[in-house]
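# Fold and contact review
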Amino acid sequence: MNPPPLHIMILTGEPSGDFHAAFLIQALNQIDPNLRISGIGGPGMKKQGAKLFFPIERLSAMGLVQVIKQLGTIKEAFRTVRARLTSDRPDIVVLIDYPGFNLRVAKYIKENTRIPVCYYIAPKVWAWNSARLDKIKAYVDHVALIFPFESPIYKQRKIAATYVGNPLMDEYPRLLPPPAQGTRKPNKIIGLLPGSRRSEIQTLLPVMLGASQKIKKIHPDAKIIVSAGSKQNQDRIQTIIKNQGLDGSYKIIEGRPLSIFEQADMLIAASGTVTLEAALCGLPTIIVYKLSPIAYRLARLVVKIKYAGLANLIMGREVMPELLQGDANPEQICQTAISMLNTLEAHREKLAGVRQRLGSPGAPKRTAQIILNLIKASASNP
């Protein structure tokens, strides 16, 4: 009689985690097509054949107020996971990002079961809340790291971890060629990426629009395109543009940012993962971000990193200009953009090193192998 298929439970709570989970499931199935995958996720996981027992849409809250409103839903999700660990016991639980929830699950698993736990895309302990390292060490069997600068941190704390590479290297396996200058010059295309959260769009887009208007006074033929990840965000962006009397002047592009990357000469982008995606494409980018005064003061107390941009952190120097808080104003963004437009090739050269630091593609496959090895090790030590 053939043994039952291995059962892997994957838990994530945000669209970005679902996106990376889908690639991980794909890699797992390539190694063992008979695997059974269940968990909390969204359309990406479902498309790869995972049986979801709690929809990600109910958990994807942004901001303190929204999280407080969803506390009941989060508790329901935790109870569901706890019940599933008994009623449909997995051979391993894989946690992806979403640390507030996932570390609580890891604690429960360690205290009440003998199920191994693997963390993929771990909490950003290098930025703040290093106390989470103690929880990871106590409750997680192995961590698959996605940034090279994380390895020394985990090694120092004697936490079992492996740098697997960055999953974005699989989505962006090569630099994009510079835009064809023969047909475009001097008409530069500038992409605005104001973020995916409502608060980011409301705070950053008006500033970006103000900067773009100043840029167009110097480069009248410049074209401005705006990235909207979802239809909902597209409507928000359209409303802000219309309220500023700019309706019809800007092209809004829905979906993942690659279509923006393929057209733009440079970007003005909210700090976040998208700026690393831009770096992997070799696309010169100005990073901007603003918090409320209170939130900024609190962040200054707890955040312990020199740079906001991931590419800058990876390189240990500023390869993407950062305009944060008071510096994120239309005038300074415009001045920085004009300087960048005049030196695009030099900025592209600065970004080339990011790919070298991150290593080769294959993070999902390497993580999949770690997961299966953990299952094997657990089975041999019941």
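See above for the structure.
A brief report on the enclosed structure follows. What you are looking at is a predicted structure, and each value in this text was computed from that prediction instead of being measured.

### Some details on the pattern of salt bridges
- In the structure shown here, the tally under the stated rule is 8 salt bridges.
- Notably, a salt bridge pairs Lys107 with Glu111, separated by 3.0 Å at the nearest N-O pair. In this pair, Lys107 and Glu111 both sit in helix H5 (residues 99–112), 4 residues apart, roughly one turn of the helix.
- Judged by relative accessible area, Lys107 falls into the partly exposed class, the value being 34%.
- Glu171 is the partner of Arg256 in a salt bridge, and the nearest nitrogen-oxygen pair spans 3.0 Å. Taken as a pair, Arg256 in the loop between strand E10 (251–254) and helix H12 (258–263) and Glu171 in helix H8 (residues 168–171) lie far apart in primary sequence, 85 residues in all.
- Judged by relative accessible area, Glu171 falls into the partly exposed class, the value being 22%.

### Observations regarding the pairing of strand E11 (residues 266–270)
- Judged by how many residues are buried, E11 sits mostly within the fold: 5 of 5 residues are covered.
- Along E11, one buried face is formed by Met266, Ile268 and Ala270 and the opposite face, lined by Leu267 and Ala269, is buried too.
- As paired strands, strand E8 (residues 189–193) and E11 are joined by 4 bridges and run parallel to one another. Residue pairing for E11: Leu192 is matched across the bridge by Ile268.
- Where E11 lies against strand E12 (residues 285–289), 4 bridges are found, and the strand directions are parallel. By the bridge assignment for E12, Ala270 is matched with Val288.
- Chirality of the crossover, the property in question, places the unit of E11, helix H13 (residues 273–280) and E12 among those that are right-handed.

### Here's the deal with the sheet that holds E12
- Spatial strand order, E10-E9-E8-E11-E12-E13: 6 strands in an open sheet with parallel pairing. A strand with exactly one partner marks an edge of an open sheet, and here the two such strands are E10 and strand E13 (322–324). Direction aside, neighbouring strands of the sheet carry axes that sit 20 degrees apart on average.
- As paired strands, E12 and E13 are joined by 3 bridges and run parallel to one another. Paired with Ile287 across the bridge in E13 is Glu322.

How each quantity is defined
- Residues numbered from 1 in each chain as written.
- Predicted model: local features only at pLDDT ≥ 70, side-chain atom pairs only at ≥ 80, totals over all residues.
- Heavy atoms only, no water.
- Salt bridge = Lys/Arg side-chain N within 4 Å of Asp/Glu carboxyl O.
- Helix = DSSP H or I, 4+ residues; strand = E, 2+ residues; numbered from the N terminus.
- Buried < 20%, exposed > 50% of the residue type's maximum accessible area, 1.4 Å probe, protein only.
- Pairing = 2+ DSSP bridges.
- Right-handed = clockwise from strand over helix to strand, strands pointing away.
- Axes fitted to C-alpha atoms, helices over the stretch in contact; angles between N-to-C directions.

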